[in-house]
Amino acid sequence: MKQNDQIRNLAIIAHVDHGKTTLIDAMLQQSGTFKSHEEMNERVMDNLDLEKERGITIASKNCSVSFNGKKINLIDTPGHADFGGEVERALKMADGAILLVDSAEGPLPQTRFVLKKALESHLKIILVINKIDRKDARAQEVLNEVYDLFIDLDASEDQIEFPVLYAIGRDGIAKRNIDDEGTDLKPLLETIVEVVPGPSYQEQEPFQMLVTNLGYSDYLGRLAIGRVFHGSAKKNDQLVCIGKDPKPRALKVNQLQVYEGVQIKPVDQIDPGEIVLLSGIEEVEIGDTICTAIASKALPRITVDEPTVAMSFGINTSPLAGRDGKWVQSRKIWERLEKEVLHNVALQIEKTGGGEEFVVKGRGELQMAILIETMRREGFELTVGRPKIIFKEKDGVQTEPIEHLFLDVPEDSVGVITEKLAQRQGKMTNLVNHGTGRVRLEFSIPTRGLIGYRSEFLTDTKGMGIMNSYLHDYEPVRGEIVHRVTGSLVSDRGGSTLAYALFNLEPRGNLFVVPGEEVYEGMIVGEHNRGNDLNVNPTKAKKLTNMRAAGKDENVVLSPVLPMTLERAIEFIKDDEQVEVTPKNIRLRKKELTAVKRK
């Protein structure tokens, strides 16, 4: 095997909010990608609107920096286990990885998930302990925790011998020893070039490239993005694509491009190990191999973990359908889901209910919520059902996905959290109290026990709790879980809500609507205090008689209503309820709108 010493392919892996994208900003700045007069946005790699709003990486992306004549291709990966498909794709392109860990929080569950994938891919790991300027930094303890994690993940002796650097990513400083005087990221860039091997390839093998991502350009059309494993190709070479069907399909490639900083530039030839973009290819999927027509040979396809959660997507059938959205037809929703599956290898889709309803299978609630929010912003109107767990049968026994749940909570919340998780079939596996007023808890809990729990958890910890989990294994079904003990307040007619009616409904439960909002029969307007559903009239006006003036006691004061978010709506609904999603509104409704049919 030969090595291309001019290139380093490196993934950056970390838990959500440990400073991964900020560190890439500093590397781009210091490598001269952005000139001194050029303005550089913060978190330049988080270029999707949802990524900027939530402060998390959702899709894996590429860029490159140059150092001492070597090109370092950087792959920014998501830190959340729900986007595991993105991680598995990204690691296929890399030979090494920077493991970024917060100096106070230490390695968290999503760190564990991504690191496990990196070790399975035999990547060379560089540990960077970030945010060492924090007042509560405990770098030495965190380093010991990382060693424990490597041992726990059955890392080999060679993998445990990793270099350690200390960084303040926000200030663009990295150092080999914590007490050194750091000024820039030079120690980190030097370590990457020294430790991470150049991509290896076999000289006699023909050109082979594995497609790990897809893009789109208004000028060039569909883009196939991936790594060249063997051989080289020139601009006008005859190439073929081998998909799931082993028969090669001829391709006409318009342009070869590579990453330069955050931009892409055309080249005449691509060499082994390079991460490349081919344009002008219409029919290509993630996992396909692109090779020469003379010697066509497929690489192993990308495999990702199976989905654990399924949700139904359907057309909007409410009386208010078609008012906000641009796309309401089932055909358009199906086309959009097909397009999503091309990009997102962790998702699966299938048709049910005569083509009016579709089942989308994925990794978790967050992944589903991001997809729905993206579609909503594109102008789609749809209804979605409650997430359902995908059960598996092993040796004649029905099994379900079990999560390893990590909680960091205030000391006074431990009792209520333990009680609630026990009701959801959770079993405590560990409790650590550092004596700082906060406690770290670990639970083994079915995935279905976590659906709808996040908002309850935030209430119980007064917003001060941190909750993370990853899929641990499949176990026999643990028993019944009661998700919601309250019923719904359901509107029994259409019309506009009135303050007088809502004021009289307040003692019945928490309301989701404000005066002047349009409602319809079957729409959920609040949460009932009791366990049963209650049909109510939120449009009831005050009767006027000659005994009273119309303006008397007009000044009703209603309790403030918390705006309904998509995640909260998905968590709230029961099996016989749906969320109506439009570009402007999120409404809750019963699947069967008329009260007579529901009965």
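Quick caveat: nothing in here was measured; it's all calculated off a predicted structure.

Asker: Could you clarify how one ought to interpret the overall build of the protein chain in this entry?
Answerer: A tally of regular secondary structure across the protein chain gives 15 helices and 37 strands. Across the 599 residues of the protein chain, 53% fall into the buried class. Considering only contacts within the protein chain whose residues lie at least 6 apart along the sequence, 72% involve residues at least 24 apart. Computed over 78 positive and 91 negative side-chain charges, the separation of the two mean positions in the protein chain equals 5 Å.

Asker: Mind showing me how you'd approach the sheet that holds strand E2 (residues 7-14) here?
Answerer: Paired through backbone hydrogen bonds, the strands of a sheet run either parallel or antiparallel to each other. Spatially, E3-E4-E2-E5-E6-E7-E8 is the arrangement adopted by the seven strands of the open sheet, whose pairing is mixed. Edge positions in the sheet fall to strand E3 (61-67) and strand E8 (173-175), since each has one partner strand and no second. Each strand of the sheet is rotated relative to its neighbour by a mean of 30°, with strand direction disregarded. Judged from the six bridges that link them, E2 and strand E4 (residues 70-76) form a sheet pairing that is parallel. By the bridge assignment, Leu-10 is partnered in E4 with Leu-74. This element, helix H5 (residues 139-152), spans strand E5 (96-102), strand E6 (124-130) and strand E7 (164-168) of the sheet and lies at about 150° to E6.

Asker: Explain the side chain of Glu-205 here, please?
Answerer: Structurally, Glu-205 can be placed in the loop between strand E9 (200-201) and strand E10 (208-217). The contact partners of Glu-205, leaving out residues within four places of it in the chain, are His-230, Gly-231 and Lys-297.

Asker: Hey, could you run me through the pattern of salt bridges in this one?
Answerer: Pairs can form between side chains of opposite charge whenever their charged atoms are close. In this structure the tally under the stated criterion is 38 salt bridges. Glu-205 serves as the salt-bridge partner of Lys-297, at 3.2 Å between the closest nitrogen and oxygen. Taken as a pair, Lys-297 in the loop between strand E19 (289-292) and strand E20 (309-314) and Glu-205 in the loop between E9 and E10 lie far apart in primary sequence, 92 residues in all.

Asker: How should I be thinking about the nonpolar core in this particular structure?
Answerer: As a rule of thumb, nonpolar side chains are buried together in soluble globular proteins. With 41 residues, the main nonpolar core has Leu-99, Leu-115, Leu-127, Ile-129 and Phe-150 as its most contacted residues. Apart from residues no more than four positions distant in its own chain, Leu-99 is found in contact with Ile-13, Thr-111, Leu-115, Ile-125, Ile-126, Leu-127, Val-128, Val-146 and Phe-150. Counting residues in each nonpolar core, the second largest holds 28 residues, with Ile-333, Leu-337, Met-564 and Ile-570 among its members.

Asker: Hey, could you run me through the side chain of Glu-403 in this one?
Answerer: Mapping Glu-403 onto the fold places it in strand E26 (residues 397-410). Separated by 3.0 Å, the side chains of Glu-403 and Thr-447 make a polar contact. The residues contacting Glu-403, other than those within four sequence positions of it, are Phe-443, Ser-444, Ile-445, Thr-447, Leu-450, Ser-469, Tyr-470, Leu-471 and His-472.

Asker: Would you explain helix H1 (residues 20-30) in this entry?
Answerer: Every α-helix winds through 3.6 residues per turn, so residues three or four apart in the chain are directed the same way. Among the 11 residues in H1, eight count as buried, and that is most of the element. If you check which residues of H1 are buried, you get Lys-20, Thr-21, Leu-23, Ile-24, Asp-25, Ala-26, Met-27 and Leu-28. Buried residues belonging to H1 abut E2, E3, E4, E5 and helix H7 (186-195).

Asker: Before we go on, may I ask you to explain the environment of Gly-509 in this structure?
Answerer: Relative to the assigned elements, Gly-509 resides in strand E32 (residues 509-511). Contacts of Gly-509, omitting those with residues within four sequence positions, involve Leu-489, Glu-527 and Asn-529.

Asker: I tried to follow the state of the cysteines on my own but got confused; where do I start?
Answerer: In protein structure, a disulfide is the covalent linkage between the sulfur atoms of two cysteines. Evaluation of the coordinates by the stated rule reveals zero disulfides. Looking at the unpaired Cys-241, the closest cysteine sulfur is the one in Cys-291, lying at 8.1 Å.

Asker: What am I meant to see in the pairing of E2 here?
Answerer: Remember that side chains alternate between the two faces of the sheet whenever the strand is regular. With eight of eight residues buried, E2 lies mostly within the body of the structure. Bridge analysis of E2 against E5 gives five bridges, and the strand direction is parallel. Residue pairing for E5: Leu-10 is matched across the bridge by Gly-96.

Asker: Sorry if this is basic, but what is going on with the pairing of strand E34 (residues 523-528) here?
Answerer: Taken across its six residues, E34 has five buried, putting it largely inside the fold. Bridge analysis of strand E30 (residues 487-491) against E34 gives four bridges, and the strand direction is antiparallel. Note that in E34 the partner of Gly-487 across the bridge is His-528. With three bridges joining them, E32 and E34 adopt antiparallel strand pairing. The partner of Gly-509 across the bridge, within E34, is His-528.

Asker: Looking at this structure, how should I read the packing of helix H8 (residues 330-343) against helix H9 (residues 365-377)?
Answerer: Angle between the axes and distance between the axes: these two values describe a pair of packed helices. At a closest axis distance of 12 Å, the pairing of H8 and H9 adopts a crossing angle of 125°. Taken together, H8 and H9 sit at an angle that is classed as oblique. Of the two elements, H8 crosses H9, and the hand of that crossing is right-handed. Taken together, the residues of H9 that come into contact with H8 (itself represented by Ile-333, Arg-336, Leu-337 and Glu-340) are Leu-371, Thr-374 and Met-375.

Quick notes on the rules
Residues numbered from 1 in each chain as written. Predicted model: local features only at pLDDT ≥ 70, side-chain atom pairs only at ≥ 80, totals over all residues. Heavy atoms only, no water. Helix = DSSP H or I, 4+ residues; strand = E, 2+ residues; numbered from the N terminus. Buried < 20%, exposed > 50% of the residue type's maximum accessible area, 1.4 Å probe, protein only. Contact = heavy atoms within 4.5 Å. Lys, Arg positive; Asp, Glu negative; His and termini not counted. Charge placed at Lys NZ, Arg CZ, Asp CG, Glu CD. Pairing = 2+ DSSP bridges. Axes fitted to C-alpha atoms, helices over the stretch in contact; angles between N-to-C directions. Salt bridge = Lys/Arg side-chain N within 4 Å of Asp/Glu carboxyl O. Core = buried A, V, L, I, M, F, W, Y, C linked by side-chain atoms within 4.5 Å. Polar contact = N/O pair within 3.5 Å; in protein donor to acceptor, adjacent residues only side chain to side chain. Disulfide = S-S within 2.5 Å. Parallel < 35°, antiparallel > 145°, perpendicular 65-115°, else oblique. Left-handed = near helix turned anticlockwise from the far one by under 90°.

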